[in-house]
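# Chain and residue survey
Listed here are the chains, written in short residue letters.
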Amino acid sequence: QVTIKLEGQQATLEYYKRNLQVEAVFNRGLKLRWKRLTDGCLEMGCEGDSNRLKSFLRWCYNGPPLDRAEKVSVTWGSI
């Protein structure tokens, strides 16, 4: 289990949000829950195989094509 918090401009986070389902669920077979925090950040809870989680984390750091989050925070073991 891992909790991922993305910080950045609203347009960037909306772009991430549109790509999350494809990257986490369809491409990697992870269980994904996300929510928008009051400070505007995007927080996701992911569960699945550790290698697939690590692969998804690399995607979060690199971002979808053409954009990247300003900050990615990761907490392992809690959702």
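In case you missed it, the structure is sitting above this.
What counts, and where the lines are drawn
- Residues numbered from 1 in each chain as written.
- Predicted model: local features only at pLDDT ≥ 70, side-chain atom pairs only at ≥ 80, totals over all residues.
- Heavy atoms only, no water.
- Pairing = 2+ DSSP bridges.
- Helix = DSSP H or I, 4+ residues; strand = E, 2+ residues; numbered from the N terminus.
- Axes fitted to C-alpha atoms, helices over the stretch in contact; angles between N-to-C directions.
- Contact = heavy atoms within 4.5 Å.
- Salt bridge = Lys/Arg side-chain N within 4 Å of Asp/Glu carboxyl O.
- Buried < 20%, exposed > 50% of the residue type's maximum accessible area, 1.4 Å probe, protein only.

The strand order β2-β3-β1-β4 describes an open sheet built from 4 strands, whose pairing is antiparallel. Each of the sheet's edge strands pairs with one partner strand only, and the pair in question is β2 (31–36) and β4 (71–76). Pairwise comparison of adjacent strand axes, ignoring direction, gives a mean angle of 15° for this sheet. Lying on the sheet, helix α1 (residues 10–26) is in contact with β1 (2–7), β2 and β3 (42–47); it crosses β2 at an angle near 165°. Taken strand by strand, helix α2 (residues 50–62) contacts β1, β3 and β4, and its axis lies near 160° from that of β4.

Throughout the structure, instances matching the rule amount to 6 salt bridges. For K5, the salt bridge goes to D39, with nearest N and O atoms at 3.7 Å. Taken together, the positions of K5 in strand β1 and D39 in the loop between β2 and β3 put the pair 34 residues apart, joining distant regions of the chain. For K5, a relative accessible area of 23% gives the class partly exposed. Note that K35 is salt-bridged to E43, the shortest N-O span being 3.7 Å. For E43, a relative accessible area of 22% corresponds to the partly exposed category.

Note that every value here comes from positions in space, so none of it alone points to a role or purpose.
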